[in-house]
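# Structural characterization, general
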Number of protein chains: 4
Amino acid sequence: MTNNSRVKKIGVLTSGGDAPGMNAAIRSVVRTAIYHDLEVVGIRGGYNGLIEGHFTKMGPRSVSNIINLGGTILKSARSSEFRTKEGRAKAFEHCQAQGIDALVCIGGDGTFTGAQIFSEEHGVKVIGVPGTIDNDIFGTDNTIGYDTALNTAMEAIDKIRDTATSHSRIFFIEVMGRDAGFIALNSGIATGAIDILIPEHNDSMEELFTTFRKAQKRGKNSSIVVVAEGETLASTYELAKKTKVEFPEADIRVTILGHIQRGGAPSCADRVLASRLGFGAVTGLMKGLTNVMAGIRSNQLVYTPIEDAISKNNEINQDLLQISEILAL
Amino acid sequence: MTNNSRVKKIGVLTSGGDAPGMNAAIRSVVRTAIYHDLEVVGIRGGYNGLIEGHFTKMGPRSVSNIINLGGTILKSARSSEFRTKEGRAKAFEHCQAQGIDALVCIGGDGTFTGAQIFSEEHGVKVIGVPGTIDNDIFGTDNTIGYDTALNTAMEAIDKIRDTATSHSRIFFIEVMGRDAGFIALNSGIATGAIDILIPEHNDSMEELFTTFRKAQKRGKNSSIVVVAEGETLASTYELAKKTKVEFPEADIRVTILGHIQRGGAPSCADRVLASRLGFGAVTGLMKGLTNVMAGIRSNQLVYTPIEDAISKNNEINQDLLQISEILAL
Amino acid sequence: MTNNSRVKKIGVLTSGGDAPGMNAAIRSVVRTAIYHDLEVVGIRGGYNGLIEGHFTKMGPRSVSNIINLGGTILKSARSSEFRTKEGRAKAFEHCQAQGIDALVCIGGDGTFTGAQIFSEEHGVKVIGVPGTIDNDIFGTDNTIGYDTALNTAMEAIDKIRDTATSHSRIFFIEVMGRDAGFIALNSGIATGAIDILIPEHNDSMEELFTTFRKAQKRGKNSSIVVVAEGETLASTYELAKKTKVEFPEADIRVTILGHIQRGGAPSCADRVLASRLGFGAVTGLMKGLTNVMAGIRSNQLVYTPIEDAISKNNEINQDLLQISEILAL
Amino acid sequence: MTNNSRVKKIGVLTSGGDAPGMNAAIRSVVRTAIYHDLEVVGIRGGYNGLIEGHFTKMGPRSVSNIINLGGTILKSARSSEFRTKEGRAKAFEHCQAQGIDALVCIGGDGTFTGAQIFSEEHGVKVIGVPGTIDNDIFGTDNTIGYDTALNTAMEAIDKIRDTATSHSRIFFIEVMGRDAGFIALNSGIATGAIDILIPEHNDSMEELFTTFRKAQKRGKNSSIVVVAEGETLASTYELAKKTKVEFPEADIRVTILGHIQRGGAPSCADRVLASRLGFGAVTGLMKGLTNVMAGIRSNQLVYTPIEDAISKNNEINQDLLQISEILAL
């Protein structure tokens, strides 16, 4: 994971789904590089931009006034061409022509897989920065964008709670997380959800019905159930339909929070995390690291082989599952 | 619309969909009444509560710390029983037993219709307070909850814009408004939507496609279209589907904002409006008014016959339609 | 107030204290002008920019993605040089050189005074757009930025209320408004302030003490007093000090909200207002209007002579004063 | 730190400065205790309430709808009487009379010191829960309320940045933190502050001036300096005054953010943290722990002797200091 040829010119790109804090990470990569007298080039549109040569020279003022913006000024895209040998060869030609000898790739699993293959094929140094709202990356306690997405989901559920309470309704609320229940579990605890359905836990309709029955007995007349997008028991609409069959009197509604969870001004925690990881990516490259991802664990900057970051799982905290049940009392 | 028997005891209820600021209105009704040495009773669960006698005596402290809360502490519901003569007769018995000689009914069209019939049948004085996020009530510039809903919708669309821009996508975003395009038109202007589809305006797919083509030519590579729930051209999903057929290269997404628009802490404008209308309702009853709705027009407290409030329409501002087209340039 | 020479090239500037929504107004001026085939030039730094010739040609994309930003992309400043005949002469030379035949001046009283003199001296058409958080301009129901400032002040006071309640404290909170009590009165009503001190109303320490005594009797053990910056009875710190002398047991704190009230993403109402006024300014100039200010009264676009806008007062609503007392019960 | 007599009845109190998330912690203590068939009593007004016997029996519904509220429903106060042996003896009498055999004390250093002495003198089990916005407690990565305060400070500074940029001003912004620079350092990094002054770091006016000079050279014409309340170099007003003497042309302003930082709806991270710590406090007491504080380190629940929590320091992250300098480029 180290390669001691000196880095002189860094390319930075964002790829995959956008996440709040990506701009703070770009800013940190650019300014840390310039501080250390390296050149930096912004690559627009993820790996497609690398293939098509959409490059912009970055100076310290190119990243002024972006730390507080959601989205990514470098734009993002999924690239099917980069999955081909030919696509990556084109990308490498551009790197050579530009003199780019290292890449900082901000994104998630897919982004890192692409980076790794590219590095192995063409010897360009790569370092990953975990930017995704899903928090499903091994090697860092939190990914960039996750904390902001939690707050966005929570604030939306808080608002829906007002209506649920006023009308004595049951709401099934779907939050993002195709493979991971982090957003659902944490936003569910934070909003006092009566039940939280996530892919990491085996759920059954019968258990859910029991939860509703207990709540009725305790005099709770409105309830929120938070469901992760990737829940395997049933789709959120089916969950609501089956519940209606079992409790025909209940007034049941569904809300899919959707894309609001990806945007917005990043939280303070996300801006600081992104600033640390962008800094860590550049200083890691300067130390000769490659094929690793920069992360923060236990408040320390650490580097994890990209292979591990991709193949291993970020585990859901078991005590949180227990707490979510106890507190829904 | 006047009835000079002196009011001594007022009942207050919220009915229909909840709206941010209803609590501020309840607080204002209660405190204004007490200030004028009237008794006030809270009726829980809208007209159902009137039928079933769910009454609570209200004092000045019953409404402490609620001005900033969404939803309604008196809860709301739609009541099919109140649509029957028998239902209303039961409700009147409870009013008599309690000595309630006037009702303040906070809600929308349906709420006011019920109030009017009840008043005509049983001689109880009624006054309406317009509380609905849709702003579709004649007789007031704004309804309680509308301004907050606008801000909520706008903030959600602002967030989605981050992703739309980062990924060069087209987003169709559906906002509330079953019969009225106020939320769509204003939140669409405020977020720079490329097109806004509302029931008050005849739209065609061809015009929409022309708008997209113009935008492409001008180099706009992401777009937001805001659609009112009540748009008659097609459902939001169908609009997206048809657009995809016309522009197969485009990356098109749909978000239905849903119930988040009903909740949340009321805006300053909504709290002040609710405070003024609650005050106006009680002082109106004291002056002998009945079967009217309190409203604010041109910053002045005015009373409109409930009949007009129900039958007439709050018109969409024509210059806003024009502005929305010019500014989407 | 009309001058029928056709306008061809418009200059737009922001001057005086910045207000959220100024960018939305700039965007609207630029796009409305371009839509009508007029040229538009942005003048940076208010009247200083006019004197020094800091001009930028504006196209439709110059104002992309700014509708949601606080502050002003054209920057603002107070200009002492523009108060001199020589300064204005220099400014006029630049206008002539550039072919600018009309100015849209976004700001407050001071901005309008400058515009009027300039127009009279040099025959350049001018139209004012009221942009100030203070709402102290005659000729428009609301100024741009006022609604946002109200929400910012209210949200800050809501937060302080948490501490006031938890610790049974009295807080004196100073909000902006050097000459006008609009922010204080409305944010005070919206947060349930026990008293609201504004320059438009004669207050006395004795009345304030009476209010506290009544509150104590009613069992209120925490209180918020909202004070306008321009209150004449005493400074906010002195008010607190005198209250402490009268109630030595009370735990009294002062918070000056300060500059947070000027910034932040504009509210939906402010963005729509700014869009309408920017549109109205350009179409007004096209109709030959000059030396007027565009405003919205009773939801209609209206033009007021700048002279009146400057010399007349926007009156505080008397019923709001009464409501503020009743509801603090 | 263990005492194996079985706990049957727990008292819970909040003491010291309030912090967002204290209510979430109370809710978690109450529901976890009830889940485990323990009785719980709420003590109102901190240690004063213990001395005066202000007790309320808590059930699961006593803590409904509070997870999202700032402040503390149990109220808080500093108690000079509890610092006396007599005061604590009175408190113990009430505990005995009530059958309270364990206390959960939510607060900061002062709260824990009181708990420890009380426990040593009277044998009542105590466990601390770190609730303070300052994050200055050893034994937990974050204290309850810190993350919310960071976001509040950051959002306020973001707003002030709008004005700073529009007017080319320098703003000195004071944030809370009497002994610790955590809020200043993190909110300063998150808002791109040009300099951050904290008590943990030796600063000099000369260094600050150098920073301003460099910024001027780089063409930065507006700057934010974030100052911790406990900065030792000079008061925030003095810093501004001295800077004005050195840079007489500069337009310099001061804002003291003040009490807004203590309030507001807790962030998702704070609600989850508070839920975990409340759970940890009760389960810790059940395992026989006493005189410890529950904390989360590296995402795991840990217990630290109260003695260490009080006497040791939570260290500022050194790499953050370095990053703050590099990124202000």
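Details of the structure are given in the entry above.
All of these numbers come straight from a predicted model, not from anything done at the bench.

A separate point is the sheet that holds strand β8 (residues 223-228) of chain B. Residue and element names in this part refer to chain B. One open sheet accounts for 4 strands, arranged β7-β8-β6-β9; its pairing is parallel. Looking at strand neighbours, the two that pair on one side only are β7 (195-197) and β9 (252-256), the edges of this open sheet. The mean inter-strand angle of the sheet, taken between neighbouring strand axes irrespective of direction, is 20°. Inspection of the sheet shows strand β6 (residues 170-175) paired to β9 by 5 bridges, in the parallel sense. The residue bridging Ile170 from the neighbouring strand is Ile252, located in β9. Packing against the sheet, helix α5 (residues 146-167) makes contact with β6, β8 and β9, and its axis sits at approximately 165° to β6.

This next bit is on the packing of helix α6 (residues 182-190) of chain A against helix α9 (residues 268-286) of chain D. Running from N to C, α6 of chain A and α9 of chain D point in directions that differ by 75°, and their axes come no closer than 8 Å. On the basis of their axis angle, the class for α6 of chain A and α9 of chain D is roughly perpendicular. Contact with α6 of chain A, carried on its side by Asn186, Ser187, Ile189 and Ala190 of chain A, involves Cys268, Arg271, Val272 and Ser275 of chain D of α9 of chain D and no other residues of that element. For the contact of α6 of chain A with α9 of chain D, a count of residues per class yields 4 nonpolar, 3 polar and 1 charged.

Summed over the entire model, instances satisfying the criterion amount to 48 salt bridges over all chains. Close ionic contact of Arg276 of chain C with Asp319 of chain B constitutes a salt bridge, the shortest N to O distance being 3.5 Å. Of this pair, Arg276 of chain C sits in helix α9 (residues 268-286) while Asp319 of chain B sits in helix α11 (residues 318-327), on two different chains. No difference in accessibility class separates Arg276 of chain C from Asp319 of chain B, as the two residues are buried.

Here we come to the relation of the copies chain D and chain A. At an RMSD of 0.0 Å, chain D and chain A line up after a rotation of 180° and a shift of 0.0 Å along the axis. One copy is carried onto the other by what is essentially a two-fold rotation axis. When each C-alpha of chain D is compared by its distance to the rotation axis, Ser298 of chain D comes out closest, at 2.2 Å. Here 100% of the contact residues of chain D are again contact residues in chain A; the copies associate through an equivalent surface.

A few words on the interface of chain B and chain A. Counting from both sides, the interface comprises 31 residues of chain B and, opposite them, 31 residues of chain A. For the pair chain B and chain A, the summed buried surface comes to about 2,300 Å²; carbon and sulfur atoms form 50% of the total. For the pair chain B and chain A, the interface holds 0 salt bridges. At the surface where chain B touches chain A, the tally comes to 12 residue pairs in polar contact (both at pLDDT 80 or more). Of all the secondary-structure elements, those providing two or more residues to the side of chain B that touches chain A are α5 and β9 of chain B. The greatest single-element share of the side of chain B that touches chain A, amounting to 9 residues, is contributed by α5 of chain B. Looking at side-chain class alone, the side of chain B that touches chain A contains 7 nonpolar, 17 polar and 7 charged residues.

Reading the values: the criteria
- Residues numbered from 1 in each chain as written.
- Chains lettered and ligands numbered in written order.
- Predicted model: local features only at pLDDT ≥ 70, side-chain atom pairs only at ≥ 80, totals over all residues.
- Heavy atoms only, no water.
- Pairing = 2+ DSSP bridges.
- Helix = DSSP H or I, 4+ residues; strand = E, 2+ residues; numbered from the N terminus.
- Axes fitted to C-alpha atoms, helices over the stretch in contact; angles between N-to-C directions.
- Contact = heavy atoms within 4.5 Å.
- Parallel < 35°, antiparallel > 145°, perpendicular 65-115°, else oblique.
- Nonpolar A, V, L, I, M, F, W, Y, C, P; charged D, E, K, R; others polar.
- Salt bridge = Lys/Arg side-chain N within 4 Å of Asp/Glu carboxyl O.
- Buried < 20%, exposed > 50% of the residue type's maximum accessible area, 1.4 Å probe, protein only.
- Least-squares fit on C-alpha atoms with pLDDT ≥ 70 in both.
- Buried area = accessible area lost by both parts, 1.4 Å probe.
- Polar contact = N/O pair within 3.5 Å; in protein donor to acceptor, adjacent residues only side chain to side chain.

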